[in-house]
Amino acid sequence: MSKKYQKCIDKIKASVAEGKISDVKAQELLAELDQKRAIREAKGEMQRENALKEIAGEILDSEKWKAEAAKRNALLNVKAYRSVIQQSVREKNMGVGLQRTLERAMTEGKAMQQDFLHKFKKGLEEAGVWDYLRKAQREDQVDIAKEAWNLSLGDRANPEGATPNKQAQVVAKVWRDVFTELAARENRHGAMIKQAAGWIFPQTTDPHKLRALGIKGWGKANQDISEKAFKEFVSTLNVDWERTLKGVDKDTFLRRYFRNQYTGVFLREQDFSEADHGSASRSMSSRESASRELWFADAESAFAYNEKFGKHSMVDAMFSRLQTGARAAALMTHFGPNVEGTINKVSDYLLVRSKEMSDSIAQGDSIRSVQKSVNTLMGRSAVSTRPGLSKFIDDLKAITLLGKGANMVLSTPPDKATMDTAMAYRGVSGANRWLAQTLGVMVRSADARKKLDVYSVYVDSFIGDTSNAWTGEVQSNSWLQRRVTDLFDLTQFTRQNETHRFAVAAAYSRQLADSAHLDFDSLPAEIALSFKDYSVSRTEWDIWRSKVDDVELRGGKHQMLLADVSDRLSDVELDKIVASKGQSPTAANKARARDEFDMKTRALFHDIVADATTENTLRYRAATTGGVERGGFGRELGEMFFMFKGYPANAVIRAIERERRITGASSMQEWIQNGGAIPIGKRLGWHIAATTLMGIVSYQLSELRKGKTPAPLMTPEGKVNWDLWFNGAARGGGLGIYGDLLLNEYDSRTRTFTQAIAGPILSELDPIMNLKSRVGGTIRGEEGETGDRLGYAATQFAQQNIPLMNLFFIKPAMDYLIFNQMYEVFSPGVAARKAKGTEKRGQEYLGPLYDPREAVANDPFETQDKVNSLLDLFEN
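Since this is a predicted model, take the numbers as computed values, not measurements.

Procedures and definitions
- Position numbers for residues start from 1 in each chain and track the written sequence from start to end.
- In keeping with the predicted nature of the model, local features appear solely for residues at pLDDT of at least 70, side-chain atom pairs appear and are counted solely at 80 or more, and the whole-chain, interface and lining totals rest on all residues.
- Think of the side-chain values as coming from all heavy atoms in the structure, minus any hydrogens and water.
- Note on conventions: DSSP H or I runs of at least 4 residues are helices, E runs of at least 2 residues are strands, and numbering of each starts at the N terminus.
- Accessibility here uses a 1.4 Å probe with only protein chains present; expressed as a share of the type maximum, an area under 20% marks a residue as buried, one over 50% as exposed, and anything in between as partly exposed.
- Should any heavy atoms of two residues lie within 4.5 Å, those residues are considered in contact.
- Only the protein chains shown count as cover for residues, and all accessible areas are computed by the Shrake-Rupley method using a 1.4 Å probe.
- The rule for a salt bridge is simple: a side-chain nitrogen of Lys or Arg has to be within 4 Å of a carboxyl oxygen of Asp or Glu.
- Criterion used throughout: strands pair if DSSP finds at least two bridges between them.
- Fitting a line to C-alpha atoms yields each axis, with helices limited to the stretch in contact; the angle taken between N-to-C directions then spans 0 to 180 degrees.
- Each angle is binned into one of four classes, with values under 35 degrees roughly parallel, values over 145 roughly antiparallel, values of 65 to 115 roughly perpendicular, and all other values oblique.
- Under this definition, polar contacts are N or O atom pairs within 3.5 Å; protein pairs additionally need one hydrogen-donor-capable and one acceptor-capable atom, and for neighbouring residues in sequence, both atoms have to be side-chain atoms.
- Crossing handedness follows the turn of the near helix against the far one: under a right angle anticlockwise gives a left-handed crossing, and clockwise gives a right-handed one.
- Whether two aromatic rings pair depends on their centres lying within 6.5 Å, for rings of Phe, Tyr and Trp, where Trp uses its six-membered ring; planes under 30 degrees apart make the pair stacked, over 60 edge-to-face, and the rest tilted.

Brief notes about the overall build of the protein
For step 1, the next point in the chain: Scanning the protein for helices and strands turns up 43 helices and two strands.
For step 2, the next point in the chain: Put simply, the protein has 876 residues, and 54% of those count as buried.
For step 3, the next point in the chain: Counting contacts in the protein only where the partners sit at least 6 residues apart, residues at least 24 apart contribute 73% of the total.
For step 4, the next point in the chain: As displayed, the protein has an accessible area near 39100 Å², and 56% of this comes from carbon and sulfur atoms.

Observations regarding the pattern of salt bridges
For step 1, the next point in the chain: Scanning the model with the defined rule gives 52 salt bridges in all.
For step 2, the next point in the chain: Taking the shortest distance from any N to any O, the salt bridge between Lys-146 and Glu-300 comes out at 3.7 Å. One end of the pair, Lys-146, is in helix H6 (residues 138–152); the other, Glu-300, is in helix H14 (residues 299–309), and 154 residues separate them in sequence.
For step 3, the next point in the chain: On the accessibility criterion, Glu-300 (42% relative accessible area) is partly exposed.
For step 4, the next point in the chain: Each of the salt bridges in this network shares a partner with another, and the network as a whole consists of Asp-115, Lys-119, Glu-181, Arg-185, Arg-188, Asp-567, Asp-595, Asp-598 and Arg-602.

A word on the pairing of strand E1 (residues 549–553)
For step 1, the next point in the chain: Burial along E1 is one-sided: Asp-549, Val-551 and Leu-553 are buried, while Asp-550 and Glu-552, pointing the other way, are not.
For step 2, the next point in the chain: Sheet analysis places E1 next to strand E2 (residues 556–560), joined by five bridges and oriented antiparallel. In the sheet register, Leu-553 faces E2, and the bridge partner there is Gly-556.
For step 3, the next point in the chain: From the end of E1 to the start of E2, which pair antiparallel, there are two residues, and Gly-555 there has a positive phi angle of about 105°.

Digging into the packing of helix H4 (residues 94–126) against helix H30 (residues 587–613)
For step 1, the next point in the chain: At a minimum axis separation of 8 Å, H4 and H30 run at an interaxial angle of 100°. Judged by the inter-axis angle, H4 sits roughly perpendicular to H30. Mapping the contact onto sequence places Arg-104, Thr-107, Glu-108, Lys-110, Ala-111, Met-112 and Asp-115 in H4 and Asp-598, Met-599, Lys-600, Arg-602, Ala-603, His-606 and Asp-607 in H30.

Considering H14
For step 1, the next point in the chain: Looking at H14, one finds that the buried residues are Ala-299, Ser-301, Ala-302, Phe-303, Tyr-305, Asn-306 and Phe-309.
For step 2, the next point in the chain: Buried residues in H14 make contact with H6, helix H8 (207–211), helix H9 (220–234), helix H11 (250–263) and helix H15 (314–335).
For step 3, the next point in the chain: The backbone nitrogen of Glu-300 lies 3.4 Å from a side-chain oxygen of the residue at the head of H14, namely Asp-298.

Side note on the environment of Asp-611
For step 1, the next point in the chain: Tracing the sequence through the fold places Asp-611 in helix H30.
For step 2, the next point in the chain: Sequence spacing of Asp-611 and Ala-655 is 44 residues, and the spatial spacing of their C-alpha atoms is 8.9 Å.
For step 3, the next point in the chain: When neighbours within four sequence positions are excluded, Asp-611 is seen to be in contact with Ala-422, Tyr-425, Arg-426, Arg-654 and Arg-658.

What about the packing of H4 against helix H16 (residues 339–354)?
For step 1, the next point in the chain: Axis separation between H4 and H16 bottoms out at 10 Å; the angle between their running directions is 165°. By the angle between their directions, the pair H4 and H16 is classed as roughly antiparallel. Along this stretch, H4 crosses H16, giving a crossing that reads as right-handed. Along its contact with H4, which presents Met-94, Leu-98 and Leu-102, the element H16 presents Ile-343, Val-346, Ser-347, Leu-350, Arg-353 and Ser-354.

Some remarks on the packing of aromatic side chains
For step 1, the next point in the chain: Going through the model one piece at a time under the given rule, you end up with 19 aromatic pairs.
For step 2, the next point in the chain: For the pair Phe-531 and Trp-541, a centre-to-centre distance of 5.3 Å together with 55° between the ring planes defines the contact as tilted. Here Trp-541 lies in helix H28 (residues 538–544) and Phe-531 lies in helix H27 (residues 525–533), a separation of ten residues in the sequence.
For step 3, the next point in the chain: In this structure Phe-531 comes out as buried when scored by relative accessible area, which is 1%.
For step 4, the next point in the chain: An angle of 80° between the planes, with centres 6.1 Å apart, marks the rings of Trp-541 and Trp-544 as edge-to-face. In this pair, Trp-541 and Trp-544 both sit in helix H28, three residues apart, roughly one turn of the helix. Each member of the pair Trp-541 and Trp-544 is classed as buried.
For step 5, the next point in the chain: Of the aromatic side chains, those joined through ring pairs into one cluster are Phe-230, Phe-233, Phe-253, Tyr-257, Phe-258, Tyr-262, Phe-296, Tyr-305 and Phe-309.

Here's what the structure looks like:
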């Protein structure tokens, strides 16, 4: 290297981080400087002699800022490390303590997500553009992108807007305000986000879309073809190469970028810069701060790239940004900027400490087992080593939801029993429980919606997350995902879920208000235990209990203590909180204290609501995924097996966890030794009995939906109708494994117990293979294989799997007009046999529309004649 360049490198090292950077890093900065100079010189914006003065100043200022932020982040990481250790050792089993901390972090992340999603929707509603954004067509989304881009220019923005579309201008303004608030919160806890020009929404790349550019394989040949097509498309866009390139040429950058996105593994070759592409251990703050690498010079190019390769539409990308950013802010608040690094260091420390304990083996096993939850929390278990296989499985799940999910709303009665049990455990009085649940189903006042709807799931329904309570994540293609969301809206399950969450939040808010006159030491045991879980301090409670609201509900005003207390804190109150932590009342400390208090109260409410409505827990997701990446056949089989089993499994997990917390035990063994198994018999027994009774109600609603009178408690022979009680236990979740029974129509004559347990996807393999073999047998003319048998099996499969076919307002008409007649064609006399079986069970049909005999006799569309005519064509 020439002396001239060495002098430049020495000057860079002396100017940045007090000389504490390597020669390699200094050379990278020098290459970046020279590259920026060449680009600006080619544009005619700069003369060579001014490059070192202007561009070097920009780069060095940026590096100095990064160095100062790194010092801050190092302190935040140390603080988080000590805090997590303290939380972990509270439990006798330190692995359990660390698991509890992770569970809390996940709840805090979800609470933050709900908060920012609510703020965005609330802002759009108040501005009158929520419906506009929700229904935005491509042209509208392009206008929104242009307006958001214009606002990102800051002082250089056109005050009249970039387009004449006033609604798009309003959406962009609301988005900018919420995104800025979120970025500020992330920055306070370790991120280094600078809202530069062009930062309008996160840039994502779907590897499946890159794969589709080639021959649609995942091999080297397809990768090379796809890479060439990718580069050709990018060459048509207006890329801001000055901000994109980091001292390398365009071809090298695009090759790196494409291969990282295509594989999802972020490969590093010899010429891959760690600073550009990071690694598995890269801190969350770095990932959040550098969430865009390919920069564009105008909104049209950014939109075109996202439309071609993005994982989401632009509107969905905005919601996704709020979700990921809020989750990152919550995790960094708890674990510091380097979330995974902190957790790994804590685990290593606890393992060393456990070696000196009498139960060192149990302690060590418990600490190591937490890694499954870490992988799930950090999203590693959602990454696939075989993206094609995982996408296929997710599409299967979405299709199954469309075919089987029409009965979802019938889960309402068992949900009520689960809610009542969970809220009783939290100390919510019976009066508050029933009042809230009654008011929840009524039309809400504007005041109630404003103050309590933040706890509901209306935004989740828009972005397709409502189904997670039953199925886990469904990450199918966007068209299928949107249809799933439509299904949940159509069946009113989204509305029912929202109503339940609203009711729980209202009930707990009233219960807290009822206790607002009590000081910290006099709180009821249930509330005190919840406050301990979320580290709500004496000072924070004294401030919170002074913020009681009068909320207008139907029937009058009700006093409530809400979770938005941090939005109404005065400087004096913030000073008290900071002082109670032993900190000086600086602006940064007060801002972080506000954030932490806000997260505590919102997470507490989210925990109460999630417990009562049985959302999937981190523990459950870690158990079902094994904490391993997707792509393996075992993991993908698990994805199919656990579909629809989340709700009952989580109900059991949460019930046992509630009982464990009462005794303060750190393990199941300690819980049993402390006598926990004795009282649980009464409480769980009551819960199982209540859900079974509500399951019977659900079953009877299902029978009514099929046009039958309710099943009798006693059979016509005078015996107990045990089938009714078994169905009630299964539908209510009392049997634990039968969550999918709520969502499917099963023929008890042909469906085996093994098929029922296997779940809706795996159990369909049997009828699919049966259809396949019958098609082959019929074609080959095998003995016993006839067109009638094949037609009957195909009709049954279609009836059970065609999307929306089981909706209560569609099923009777479809059965009467089509399916009953088709069954009769392929199996003459089946209508009479079905009716006889129904009557034998002590039930009747509600009217001729539901009676298969009447449908066969009337045949208004002459379905039987048409089907027979088609069969005649095949015979000829």
